[in-house]
Amino acid sequence: MTYKILILPGDGIGPEIVEQARRVAGWYAKNRNFGFTTEEDLVGGISYETHGDPATDAMMKKALAADAVLFGAVGGPQWDKLPFDKKPERGLLRLRGDLKLFANLRPALCFDALKDASTLKPEIVSGLDILIVRELTGGVYFGQPKETTTLPDGQKRAVDTQVYTTGEIERIARVAFELARLRGKRVASVEKSNVMVTGALWRDVVHRVHDAQFRDVQLTDILADNCAMQLVRAPKQLDVILTDNLFGDILSDEAAQLTGSIGMLPSASLGAKGANGRQPALYEPIHGSAPDIAGQGLANPIATILSFGMCLRYSFGRVEDATLLDKAVERVLAEGYRTGDIMQPGMTKVGTSGMTDAILKALDGLS
Ligand code: IPM
Ligand code: MG
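Residues numbered from 1 in each chain as written. Chains lettered and ligands numbered in written order. Predicted model: local features only at pLDDT ≥ 70, side-chain atom pairs only at ≥ 80, totals over all residues. Heavy atoms only, no water.

**Student:** Requested: an account of the side chain of T161, with residues and values cited.
**Tutor:** Relative to the assigned elements, T161 resides in the loop between β7 (156-159) and α6 (166-181). Assessed through its relative accessible area of 18%, T161 is described here as buried. Within polar-contact distance, the side chain of T161 engages the backbone oxygen of Q144 at 3.5 Å. (Helix = DSSP H or I, 4+ residues; strand = E, 2+ residues; numbered from the N terminus. Buried < 20%, exposed > 50% of the residue type's maximum accessible area, 1.4 Å probe, protein only. Polar contact = N/O pair within 3.5 Å; in protein donor to acceptor, adjacent residues only side chain to side chain.)

Rendered as structure tokens:
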């Protein structure tokens, strides 16, 4: 079986971190009989500079035909003033929307070697293992109307629309419950049902899905503001967090910080399985393009490398190979290799490719 991977490095540190995932993929091709072909294209600011569009139709066509998309990062200060439909982020949002990637999986795992790297006390974060299941194609990110108008008195008025349907909530709830069954069997459903009608619908529908099919999983409701607090107060009480697009965006950055650095967190964005068994999928680190350190070989490649690991697990069904990669990352961290963002006294500081060298060596050692 030969898989087709579309590589979209994007902007800022995107190219250099995606290159590291490509090296790891190369290791699997060579050592684990893993056949794949890659194609590469532009997305985000660089695509806007080249084509006047952050996501061209030609690129989208390749993405739709690929078994998986590996995505770096998009954005940068030079594009901040562009109209919304030209902004680099549009490239990512079009991919999520057009590929119908409604389920965003964001594991927040604190590696033992990094428990001192978090700004929280080690006993609060050590052993942390949370999975955020974020709805990704609905809510305020995609709701219409989304516009700025000028009022008769000259003021401007901007509107974003938060909107969810029963079906959208049902399908993401099912994903969360099914994943919870493979882990701690606990789901915390997060919304603002005290002030938002979308939140009230969210709560109702999640309970209906739970009561009909997933009574073996423990379900609790947490208001989003309280969840933000619980994440820094006692994060280990949480197993799977099921939440909407906007709250998921915010809470996943918060959860990232618990693990030591946002440079550690991978993600998978999955669509529904088609009749032919194919499931659209995109893998990306949850961090951004970090323009301040771009091109200097300083970025932490682990989030992107672990995103390739999620691709092995979810798109290619290679669970053992994915676990091997998790173990390799764990080993290099235990051996003391650190990029700048997770550097601690007495550890060995490495750059982007140096970290990958260590991971490749660990893969050799472990296999
Ligand atoms: C993320 C990012 C994106 C989002 C941006 C780049 C559009 O912050 O994946 O979390 O807001 O979803
Ligand atoms: Mg975000």
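**Student:** Residues and numbers for the site of ligand 1, please.
**Tutor:** Neighbouring ligand 1 are the residues E89, R96, R106, R134, Y141 and D249. Contacts to ligand 1 include R134, whose side-chain N or O atom sits 2.9 Å from an oxygen atom. Here an oxygen atom of ligand 1 and a side-chain polar atom of D249 are 2.8 Å apart. Across the shell around ligand 1, the residue classes tally to 1 nonpolar, no polar and 5 charged. (Near = heavy atom within 4 Å. Nonpolar A, V, L, I, M, F, W, Y, C, P; charged D, E, K, R; others polar.)

**Student:** How would you sum up the pairing of strand β5 (residues 129-135)? Please name residues and give values.
**Tutor:** Regular strands have side chains that alternate between both faces of the sheet. Extensive coverage of β5 is indicated by the burial of 6 of its 7 residues. Sheet analysis places β5 next to strand β10 (residues 240-243), joined by 4 bridges and oriented parallel. Among the inter-strand pairings, L131 is bridged to a residue of β10, identified as V240. (Pairing = 2+ DSSP bridges.)

**Student:** Could you give an account of the packing of aromatic side chains, naming the residues involved and the relevant values?
**Tutor:** Think of a pair of aromatic rings as described by two things: how far the centres are apart, and how the planes are tilted against each other in angle. Going through the model one piece at a time under the given rule, you end up with 9 aromatic pairs. Judged by centre distance (5.0 Å) and plane angle (20°), the rings of F177 and F214 are stacked. Within this pair, whereas F177 is found in helix α6, its partner F214 is found in the loop between α7 (197-213) and β9 (218-223), the two being separated by 37 residues in sequence. Overall, F177 belongs to the buried group, its relative accessible area being 0%. A relative accessible area of 1% places F214 in the buried class. (Phe/Tyr/Trp six-rings, centres within 6.5 Å; stacked < 30°, edge-to-face > 60°.)

**Student:** Lay out the pairing of strand β8 (residues 186-191) with the relevant residues and their values.
**Tutor:** In terms of burial, β8 is a largely internal element, 5 of the 6 residues being buried. With 6 bridges joining them, β8 and β9 adopt parallel strand pairing. Within β9, the position partnered with V187 by the bridge is L219. On the question of chirality, the crossover connecting β8 to the parallel β9 by way of α7 is right-handed. (Right-handed = clockwise from strand over helix to strand, strands pointing away.)

**Student:** So what's going on with empty space enclosed by the protein? Which residues, and what values?
**Tutor:** Empty space left among the atoms is revealed by rolling a probe the size of a water molecule over them. Counted according to the given criterion, the structure contains 2 cavities of 30 Å³ or more. By volume, the largest cavity is sized at about 60 Å³. Residue lining of the largest cavity: Q162, Y164, V190, E191, K192, M196, T198, G199, W202, D244 and F247, and that is the complete set. Elements that contribute at least two residues to the lining of the largest cavity include exactly β8 and α7. Top contributing element to the lining of the largest cavity by residue count: α7, with 3 residues. Of the residues contributing to the lining of the largest cavity, the split by class is 5 nonpolar, 3 polar and 3 charged. Split into classes, the residues belonging to the lining of the second largest cavity amount to 6 nonpolar, 1 polar and 1 charged. (1 Å grid on protein atoms, 1.4 Å probe; cavity = no way out; pocket = protein on both sides within 12 Å on 5 of 7 lines; lining within 4 Å. Points joined across faces, edges and corners; volume = space filled by probe spheres on them.)

**Student:** Report on the layout of surface pockets, specifying residues and quantitative values.
**Tutor:** Of the voids in this model, the largest pocket is the one considered here, and its volume is about 530 Å³. Together, 19 residues line the largest pocket, and P107, L109, R183, R313 and D326 are the ones closest to its centre. Counting residues per element, the ones that place at least two in the lining of the largest pocket are β4 (103-109), β5, α10 (302-314) and α11 (319-334). Ranked by residues supplied to the lining of the largest pocket, first place goes to α10 with 5 residues. Grouping the constituent residues of the lining of the largest pocket by class yields 13 nonpolar, 1 polar and 5 charged.

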